[in-house]
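Structure assessment
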Amino acid sequence: TLCIMIDKTKKKEFEEKIIDINTRYERFLESIGDGIVVIQNGQKIYANKACKDIFKDKLDTIDFKDDYEKENLEQCHEIDGKKVYVEMSYSQYTKNNENKTIIVIRDITKRKKAQLKLKESQKSYARLIDILPDGICLLDNNLKIDYANQSLLNMVKVSSMSELKNLNIKKLINLTLDEESKFERKMKKVINENKYMLLLEHEIKSYSGENIQVEVNALPFSIDEHKNIMLIIKDLTHKKTSEMAEKELLDRLKTDKIKTEFFANMSH
């Protein structure tokens, strides 16, 4: 009998190190907060604890594609009757001549809900500004219109914001040269001194050619650290009409009083 004894100490040590490294690697994957999924040939071969916590009993029903072209993908899933938003990052690697895909899954539900609430708040504020009776517009540093609410569009008889976009406010308010210089000085004061200011009472001409008496107020307004000016344009047409009617009524009452006194004196 010929016995051949092969020293496998090195091989055994190497195998033990491999097992130890794999154990540490698996512990690391299990300890991180993001979900990890490994895909091979369209089949899920590994999912860590965080992934199972995110998807719970729905994990086996989710189709994780291993050939997705985009680097990041947002998905929404119904888990236990609640919407869960996740962001998936894909990366590919080769092991033992086999292509595998690692998907890092991050739960972004809180962030997504905050974004949706912010978007809804912005829509609500936009609707609120649009239903205000006064015209509202935002000007940049060059006094060009960046935004106008629906009331201002109705006031100047235009159908869409695009007709006023980037229009210099001085072209909307017909100012003389002297009035223009005063207007610009006041505007600079609003920005530089951060002051609310009554600019002027003036007449503007709508796109339909109608003259409208307005009161223009200005206040500083910052967007993303850029200084802007908000104009509040109040239509004084009804006020002026009421004042004229009141004046006419007072004049008639005065005339009637004179007539009454005259006829009273005659009767005496």
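Everything that follows concerns the structure shown earlier in this document.
A few points on the structure. Since we're looking at a predicted model, the values are computed, not measured. (Residues numbered from 1 in each chain as written. Predicted model: local features only at pLDDT ≥ 70, side-chain atom pairs only at ≥ 80, totals over all residues. Heavy atoms only, no water.)

**Details of the overall build of the chain**
In terms of helices and strands, the chain carries seven helices and 10 strands. Considering the chain as a whole, with its 268 residues, one finds that 29% of them fall into the buried category. Sequence-distant contacts in the chain: of pairs separated by 6 or more residues, those separated by 24 or more amount to 40%. Here the chain displays about 19,400 Å² of accessible surface, and carbon together with sulfur accounts for 52% of that area. (Helix = DSSP H or I, 4+ residues; strand = E, 2+ residues; numbered from the N terminus. Buried < 20%, exposed > 50% of the residue type's maximum accessible area, 1.4 Å probe, protein only. Contact = heavy atoms within 4.5 Å. Areas by Shrake-Rupley, 256 points an atom, 1.4 Å probe, with all protein chains shown as cover.)

**Some remarks on the pairing of strand 1 (residues 35–40)**
Along strand 1, six of the six residues are buried, which leaves the element largely enclosed by surrounding structure. Burial along strand 1 is two-sided: the face carrying G35, V37 and I39 and the face carrying I36, V38 and Q40 are both buried. Where strand 1 meets strand 5 (residues 98–107), five bridges bridge the pair, whose relative direction is antiparallel. Following the sheet pairing, I36 is matched in strand 5 by V104. Judged from the four bridges that link them, strand 1 and strand 2 (residues 43–47) form a sheet pairing that is antiparallel. Its bridge partner lying in strand 2, Q40 is registered against Q43. Between strand 1 and strand 2, which pair antiparallel one after the other, the connecting turn spans two residues, and N41 there sits at a positive phi close to 55°. (Pairing = 2+ DSSP bridges.)

**Digging into a nonpolar patch on the surface**
Nonpolar side chains collect at one region of the surface, where Y125, L128, I131 and L132 lie side by side and expose about 440 Å² of accessible area between them. Residue placement: Y125 occurs in helix 3 (residues 109–131). Using a relative accessible area of 57% as the deciding quantity, one classes Y125 as exposed. (Patch = residues over 30% accessible without salt bridge, like charges linked within 9 Å, V, L, I, M, F, W, Y side chains within 5 Å. Salt bridge = Lys/Arg side-chain N within 4 Å of Asp/Glu carboxyl O.)

**As for the sheet that holds strand 9 (residues 211–223)**
In spatial order, the strands read 7-6-10-9-8; together these five strands make up an open sheet with antiparallel pairing. Every interior strand has two partners, whereas the edge strands, strand 7 (145–148) and strand 8 (197–205), have only one. Neighbour-to-neighbour, the strand axes of this sheet turn through a mean angle of 30°, independent of strand direction. Contacting strand 6 (135–139), strand 8, strand 9 and strand 10 (226–235), helix 6 (residues 177–192) runs over the sheet at an angle of about 140° to strand 8. (Axes fitted to C-alpha atoms, helices over the stretch in contact; angles between N-to-C directions.)

**Thoughts on the pattern of salt bridges**
If the charged atoms of two oppositely charged side chains come close together, the side chains can form a pair. Evaluated as defined, the whole model comprises 13 salt bridges. R111 is the salt-bridge partner of E74, the closest N and O atoms lying 3.8 Å from each other. On the criterion of sequence distance, the pair formed by E74 in strand 3 (residues 72–79) and R111 in helix 3 is long-range, its members being 37 residues apart. In this structure, D134 and K234 form a salt bridge, with 3.2 Å as the shortest nitrogen-oxygen distance. Residue D134 is found in the loop between helix 3 and strand 6, and its partner K234 is found in strand 10; the two are separated by 100 residues along the sequence. Since its relative accessible area comes to 32%, K234 is described here as partly exposed. Overlapping salt bridges bring together E74, E87, R111 and K112 as one network.

**Side note on unusual backbone geometry**
The backbone of K157 sits at a positive phi, close to 60°, despite the residue not being glycine. For N166, which is not a glycine, the phi torsion comes out positive at approximately 65°.

**Details of the environment of R106**
With respect to the secondary-structure elements, R106 resides in strand 5. The partly exposed category is assigned to R106, whose relative accessible area is 43%. Note: C-alpha distance between R106 and D34 (72 residues apart in sequence) is 5.2 Å.

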